[in-house]
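Listed here are the chains, written in short residue letters.
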Amino acid sequence: MKNLRLSSLSCLTFLAVGASAQYSLPYETEADRKPSISTKGDCFIKAGRIITVSGATIKNGQILVRKGKIVAVGTNLTAPAGVTVINAEDQVVMPGIVDAHVHRGIESTNEGAESISAEVRVGDVLNPNSLTWWQAAASGETTALFLHGSANAIGGQSVVAKYRFGKTTKEALFEGAPRMIKFALGENVTRMNGGGGGGATTQPVRFPMSRMGQEAVYRRAFNDAKQYMAEWDRWTKSDRTQPPPRKDLRLEALSDILRGRIWVNCHGYRADELLMMAKLSKELGFKIATLTHALEAYKIAPELAELGVGVSMFYDHWSFKLEGYEAIPAGPVICAKAGVLTSINTDGTSGTTALIFDAAKATREGLTENEALRLVTLSPAKQLG
């Protein structure tokens, strides 16, 4: 018994030493997340290498920024008087990474009780003080599309924002960006195989429960929106002696999709569903910003290119469910080479990201450095308007 007590004491001593040793490791506080340089929107960057992505790479160049906008890039620029100079002569400077699909800092992701919830808005629950925003910015991301979840055929309205950590929601929103909304196809909507955040066993039974039902939801919803628009058009053109039609926030959002004021980002994996949605957008006249995830898009790349529909994909993340089994590493490259506006996204919720490495992987499939970097900079920027 004496030996046992000594052994227990030794264990406790070891644990105590281990616990105290932890506190000697580096740590980060809120104070460490304050910018060390304040440029007030004006700065002059001296760079060892500037990767422009849209053109040639510049060695030993300079970048002049005025009022938050890049106004000059070259090799013989001079810093104006009074402008903050940033010395990056031993570093590489490139455009900020744009992530076309994230859920970071969103207090609520899904409103899944109904098939259509177009009236809800992610902007109402966006939290720029979330540590996940700091983690994304630390990974080189500057801008992202913050999306509603994929439990609904027609989900809520999404927002484009810059990772302005610690600012208000209004300050974080990207000025002039188009309004966005989330659509979804497949298992997340039918709630089969654990899709939709909890699986069919924990979610209420709801139409649609099949893939054919999903297309029916879209057609019925937009037919209702057209009738709603017609009612308002008749009233607007009338003498207005009668009360106006009842305002319906859901139908207002659906009508704005048809008017081109809201762009669609549609979650989906299978080629047949993606092609259905692309064709439906042309038939009904709404704009698809991206088919997102789109792991089987490589199978229909020529068709998507002809229809002018872009894709935002994972690079090499799949087999997490049935719909993801037929993805291939070359998928984004095949789409890009076919003329499809292609980006790579994280679908991120937390932690640092590796989008720059995903871009690098594309070079092994034949893309040049600039072509690969466009997958995480210029192409997603175009997709977000």
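Residues numbered from 1 in each chain as written. Predicted model: local features only at pLDDT ≥ 70, side-chain atom pairs only at ≥ 80, totals over all residues. Heavy atoms only, no water.

Trainee: Honestly, the side chain of Asn 188 in this entry has me stumped. Any pointers?
Mentor: Mapped onto the elements of the fold, Asn 188 is located in helix H4 (residues 187-190). We classify Asn 188 as buried; its relative accessible area is 11%. Among the polar contacts made by the side chain of Asn 188, one reaches the side chain of Ser 150 at a distance of 2.6 Å. (Helix = DSSP H or I, 4+ residues; strand = E, 2+ residues; numbered from the N terminus. Buried < 20%, exposed > 50% of the residue type's maximum accessible area, 1.4 Å probe, protein only. Polar contact = N/O pair within 3.5 Å; in protein donor to acceptor, adjacent residues only side chain to side chain.)

Trainee: Please clarify how the pairing of strand S5 (residues 97-102) should be interpreted in this entry.
Mentor: In the case of a regular strand, side chains alternate between the two sheet surfaces. Among the six residues that make up S5, six are buried, leaving the element largely enclosed by the rest of the structure. Taken together, the four bridges between S5 and strand S6 (residues 141-146) define a ladder with parallel strand orientation. Opposite Val 102, over in S6, you have Phe 146 as the bridge partner. (Pairing = 2+ DSSP bridges.)

Trainee: Looking at this structure, how should I read the environment of Val 102?
Mentor: Checked against the element boundaries, Val 102 lands in strand S5. In this structure the C-alpha to C-alpha distance between Val 102 and Ala 225, which are 123 residues apart in sequence, comes to 28 Å. Other than its neighbours up to four places away in sequence, Val 102 contacts Ala 144, Leu 145, Phe 146, Leu 147, Tyr 163, Thr 346, Asp 347 and Gly 348. (Contact = heavy atoms within 4.5 Å.)

Trainee: Teacher, can you tell me more about the packing of helix H6 (residues 211-237) against helix H8 (residues 271-284) here?
Mentor: Two quantities define a packed helix pair, namely the angle between the axes and the distance from one axis to the other. It is at 12 Å that the axes of H6 and H8 come closest, and there the two elements cross at 15°. Between H6 and H8, the angle is such that the two are roughly parallel. With respect to the hand of their crossing, H6 and H8 are arranged in right-handed fashion. In this structure, H6 contributes Arg 211, Gln 214, Glu 215, Tyr 218, Arg 219, Phe 222 and Lys 226 to the contact, and H8 contributes Glu 273, Met 276, Met 277, Leu 280, Glu 283 and Leu 284. Split by residue class, the contact of H6 with H8 holds six nonpolar, one polar and six charged. (Axes fitted to C-alpha atoms, helices over the stretch in contact; angles between N-to-C directions. Parallel < 35°, antiparallel > 145°, perpendicular 65-115°, else oblique. Left-handed = near helix turned anticlockwise from the far one by under 90°. Nonpolar A, V, L, I, M, F, W, Y, C, P; charged D, E, K, R; others polar.)

Trainee: Any chance you could explain the sheet that holds strand S12 (residues 342-344) here in plain terms?
Mentor: Across a sheet, strands are paired by hydrogen bonds formed along the backbone, either parallel or antiparallel in direction. In spatial order, the strands read S5-S6-S7-S8-S9-S10-S11-S12; together these eight strands make up an open sheet with mixed pairing. Lying at the two open borders of the sheet, with one neighbouring strand each, are S5 and S12. Here the strands of the sheet are splayed against their neighbours by 25° on average, with no regard to which way each runs. Relative to strand S11 (residues 311-313), strand S10 (residues 288-293) runs parallel, the two sharing three bridges. Looking at S11, one finds that His 293 is bridged to Met 313.

Trainee: What is the right way to read the packing of aromatic side chains from this model?
Mentor: The geometry of two aromatic rings is summed up by the distance between their centres and the angle between their planes. Applying the stated rule across the entire model yields twelve aromatic pairs. The interplanar angle of 25° and the centroid separation of 4.9 Å between the aromatic rings of Trp 133 and Phe 146 together place this pair among those described as stacked. Here Phe 146 lies in strand S6 and Trp 133 lies in helix H2 (residues 131-138), a separation of 13 residues in the sequence. Residue Trp 133 is classed as buried on the basis of its relative accessible area of 0%. A connected cluster of aromatic rings, assembled from ring pairs, spans Phe 183, Tyr 218, Phe 222 and Phe 286. Sitting over the face of the ring of Trp 232, Lys 247 holds its NZ or CZ atom 4.8 Å from the ring centroid. A cation over a ring is seen here: Lys 287 above Trp 263, with NZ or CZ 4.6 Å from the ring centre. (Phe/Tyr/Trp six-rings, centres within 6.5 Å; stacked < 30°, edge-to-face > 60°. Lys NZ or Arg CZ within 6 Å of the ring centre and 35° of its normal.)

Trainee: Explain the pattern of salt bridges to me, please; I cannot follow it from the model alone.
Mentor: Where side chains of opposite charge bring their charged atoms close, a pairing between them can arise. By the definition in use, this model includes 24 salt bridges. With a closest N to O distance of 3.4 Å, Glu 323 and Arg 211 form a salt bridge. One end of the pair, Glu 323, is in the loop between S11 and helix H10 (331-337); the other, Arg 211, is in helix H6, with 112 residues separating them in the sequence. We note a salt bridge from Glu 323 to Lys 321, for which the minimum N-O separation is 3.2 Å. Taking the relative accessible area as the measure of exposure, Lys 321 reaches 14% and is therefore buried. (Salt bridge = Lys/Arg side-chain N within 4 Å of Asp/Glu carboxyl O.)

Trainee: Whenever I open this one, a nonpolar patch on the surface confuses me. Can you help?
Mentor: There is a patch of nonpolar side chains on the surface, built from Met 192, Val 205 and Met 209 and spanning about 280 Å² of accessible area. In this structure, Val 205 sits in the loop between helix H5 (195-198) and H6. Under the relative-accessibility criterion, Val 205 is labelled exposed at 75%. (Patch = residues over 30% accessible without salt bridge, like charges linked within 9 Å, V, L, I, M, F, W, Y side chains within 5 Å. Areas by Shrake-Rupley, 256 points an atom, 1.4 Å probe, with all protein chains shown as cover.)

Trainee: Help me understand the environment of His 267 in this model?
Mentor: Here His 267 shows up in strand S9 (residues 262-268). Taking relative accessible area as the criterion, His 267 reaches 1% and is therefore assigned buried. Taking the C-alpha atoms as reference points, His 267 and Arg 246, 21 residues apart in sequence, are found 31 Å from one another. Not counting the four nearest positions on each side in its chain, His 267 is found in contact with Ser 150, Lys 182, Phe 183, Ala 184, Leu 185, Asn 188, Thr 292, His 293 and Lys 321.

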